[in-house]
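Remarks on the overall topology
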Amino acid sequence: MDENSTQIVRRYFKEYYFRHGTQIKSPSDIGSREFGYLPFGAMMVRHLSFKDIGALRAMLVREVPAGAYCSNSLYVDPTAEMHLKGWKKAELIFDIDADALKQPCKKVHDIWLCKSCGRKEFGLRPDICRSCKSNRLLELPWACPMCLDAAKKETFRLLDFLEFDLGIAPVETKVYFSGNAGYHINVEKSAYETLDTHGRAEIADYLSGRGLTPSIFASQRLLPTDPGWRGRLARYIRDLPEDDQTFNSGSQFENRLSELANEFSKKQIESFMNRFLSENAVRIDSMVTTDVHRIFRMPETLNNKTGLVKRECGNNLAEFDPLSEAVALKDEEQKAQVFVDMCPKIELGGRSYGPFKSETLELPLYIGVYIASKGAGKFVSGKGEEIAAQTKGLGNQ
Ligand SMILES: [Zn+2]
Ligand SMILES: [Zn+2]
């Protein structure tokens, strides 16, 4: 981001923390957690500790970082070097990223950029640049309401596994919109807290259905009431519609099982399993679940990739609308001049804007912050002071 835009985005962040910082709640056992923050235009600062949430909120207003992070792990000494921290336990964490779900709308709203000749176009990244044939191409993904709906659906799928396969009480599970393109799911208390990386990898593998092989049809009888994947598979077979093309033997569950075990070729079984997994497994970022030394963006703080809030979805995930509820400062009157290099249609705050290409426009400040944070445009130079002056009474930082 250019200097002028950084200054405006930073002021926007400052105003948010000044007005809404009290919404940031203390994580449990705050003294045992590692904190970190990412200053604008500088490297991450880690291995910090805060004795209470007031001290952390004060830091946010004072430093106005681009990102604020907290560990899901608890340590004896969170400020020590990683191998000396004394790891005690960690909450289970899951990350669902809309981009990884590869929705068909990606070819409408994603942008690719050739690092060799600078060509930039809407659409999925080709193998080589259409102008200069270079393969140094950058993907710039966007997340539209359809992408985020898919991520929410995946989240519901995960919640079902957590409750029924892993035995985690729903009251211990919190879902957050990441502030960008997905959801973070955090299990506060569970029997899995003391699991190491390998144990967590097994959970990630289980959710993705890794290791589930077609031999399941040959070896044992499946029942819809079976626990875990066996029951899921049985219910899937049972509940496929009567006219489903997979089976010749009709809609009877018993007949379908027998057909699978005795008549399907190896190839047919494999393709059936792939279809079952694509409709039932959970697509999480397993690196996030297995790494117990990470720090995560704190709930109710701002995401520097969008200027949106990482927000808890509350008790009604189905009704939660990330693109309106995660807007940090929804003031339609506060406008800014923005040069937009290239961006697809944006739906934010209950309205839609664009698509835009090489245009200078007057937009609500929060839309400008979103566009600048996504790297799709910048605030028009010279307007910085004027906009800064609109953010009332916040000093001249
Ligand atoms: Zn090129
Ligand atoms: Zn989309």
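Residues numbered from 1 in each chain as written. Chains lettered and ligands numbered in written order. Predicted model: local features only at pLDDT ≥ 70, side-chain atom pairs only at ≥ 80, totals over all residues. Heavy atoms only, no water.

Along its length, the protein carries 13 helices and 18 strands. Here the protein holds 397 residues, and the buried ones make up 50% of them. As presented, the protein carries roughly 19100 Å² of accessible surface, and 50% of it is formed by carbon and sulfur atoms. With 54 positive and 54 negative side-chain charges, the protein shows a spacing of 4 Å between the two charge centroids. (Helix = DSSP H or I, 4+ residues; strand = E, 2+ residues; numbered from the N terminus. Buried < 20%, exposed > 50% of the residue type's maximum accessible area, 1.4 Å probe, protein only. Areas by Shrake-Rupley, 256 points an atom, 1.4 Å probe, with all protein chains shown as cover. Lys, Arg positive; Asp, Glu negative; His and termini not counted. Charge placed at Lys NZ, Arg CZ, Asp CG, Glu CD.)

Moving on, we come to the coordination of the zinc ion (ligand 2). Distances from the zinc ion (ligand 2) to its protein donors, C105 (SG), H109 (NE2), C144 (SG) and C147 (SG), fall at 2.1 to 2.3 Å. Coordination at the zinc ion (ligand 2) comes from four donor atoms whose angles at the metal span 103 to 123°, giving a geometry best classed as tetrahedral. Read from N- to C-terminus, the donor residues coordinating the zinc ion (ligand 2) fall into the pattern C-x3-H-x34-C-x2-C. Here the two residues C144 and C147 agree in accessibility, since each one is buried. (Donors = N, O, S within 2.8 Å, 3.2 Å for Na, K, Ca; no water. Tetrahedral: all angles 85-135°; square planar, octahedral: opposite > 155°, others 65-115°.)

All right, on to the pairing of strand β3 (residues 67–71) then. With five of five residues buried, β3 is to be regarded as a mostly interior element. Judged by which residues are buried, β3 turns out to be covered on both faces: G67, Y69 and S71 on one side and A68 and C70 on the other are all buried. Summarising the sheet, strand β1 (residues 35–38) and β3 pair through four bridges and their orientation is antiparallel. Across the sheet, residue F35 finds its bridge partner in β3, namely C70. (Pairing = 2+ DSSP bridges.)

Turning our attention to the packing of helix α1 (residues 3–20) against helix α12 (residues 365–373). One way to put it is that α1 packs onto α12 with a least axis distance of 10 Å and a crossing angle of 125°. Viewed along their axes, α1 and α12 adopt a mutual orientation that is oblique. Pair α1 / α12 crosses with left-handed handedness. Seen from α1, the contacting residues are S5, I8, V9 and Y12; seen from α12, they are L365, Y366, V369, A372 and S373. A breakdown of the residues in the contact of α1 with α12 according to their chemical character gives seven nonpolar, two polar and no charged. (Axes fitted to C-alpha atoms, helices over the stretch in contact; angles between N-to-C directions. Parallel < 35°, antiparallel > 145°, perpendicular 65-115°, else oblique. Left-handed = near helix turned anticlockwise from the far one by under 90°. Contact = heavy atoms within 4.5 Å. Nonpolar A, V, L, I, M, F, W, Y, C, P; charged D, E, K, R; others polar.)

The next point concerns the domain arrangement of the protein. Segmenting the protein into domains produces domain 1 (3–97 + 146–194 + 287–390), domain 2 (106–143) and domain 3 (215–280). On a C-alpha basis, the centres of domain 2 and domain 3 stand 41 Å from each other. (Domains from an automatic or database assignment.)

The subject of this paragraph is the packing of α1 against helix α2 (residues 53–63). Put simply, α1 and α2 touch, their axes get as near as 8 Å, and they point 150° apart. Taken together, the axis directions place α1 and α2 in an arrangement best described as roughly antiparallel. Note that α1 runs across α2; the crossing there is left-handed. Touching R10, K14, Y17 and F18 of α1 are L60, V61, R62 and E63, all from α2.

Here the focus is the pattern of salt bridges. One pass over the structure, following the stated rule, counts 28 salt bridges. Here R157 and E154 are joined by a salt bridge, their closest N and O atoms 3.9 Å apart. Placement of both R157 and E154 in helix α4 (residues 145–164) is noted, with a separation of three residues, approximately one turn of the helix. Classification of E154 by relative accessible area gives buried; the value is 3%. Taking the shortest distance from any N to any O, the salt bridge between D165 and R232 comes out at 2.8 Å. Pair noted here: D165 is in the loop between α4 and β10 (173–177) and R232 is in helix α7 (residues 228–239), with a separation of 67 residues, a long-range link. (Salt bridge = Lys/Arg side-chain N within 4 Å of Asp/Glu carboxyl O.)

Counting through the fold element by element, A372 comes out in helix α12. Judged by its relative accessible area of 3%, A372 is buried. If we ignore the near neighbours within four places in the chain, the residues touching A372 are M1, S5, V9, G377 and F379.

On to the sheet that holds strand β13 (residues 311–312). Sheet architecture is open: four strands sit in the order β6-β11-β10-β13, paired in antiparallel fashion. Either end of the sheet is taken by a strand with one partner, and the two such strands are β6 (92–97) and β13. Looking at chain direction, β6 and strand β11 (residues 182–187) are connected through six bridges and run antiparallel. The partner of I96 across the bridge, within β11, is Y183.

Once that is clear, we can look at the sheet that holds strand β17 (residues 356–364). Read across the sheet, three strands follow the order β17-β14-β18 without closing on themselves; strand pairing throughout is antiparallel. In this open sheet, the two strands that pair with only one neighbour each are β17 and β18 (377–379). When strand polarity is set aside, the average angle formed by the axes of neighbouring strands in this sheet is 20°. Direction of pairing for strand β14 (residues 335–343) relative to β17: antiparallel, over a ladder of eight bridges. Along β17, the bridge assignment pairs K335 with P364. With respect to the sheet, α12 is in contact with β14, β17 and β18, its orientation differing from that of β17 by roughly 145°.

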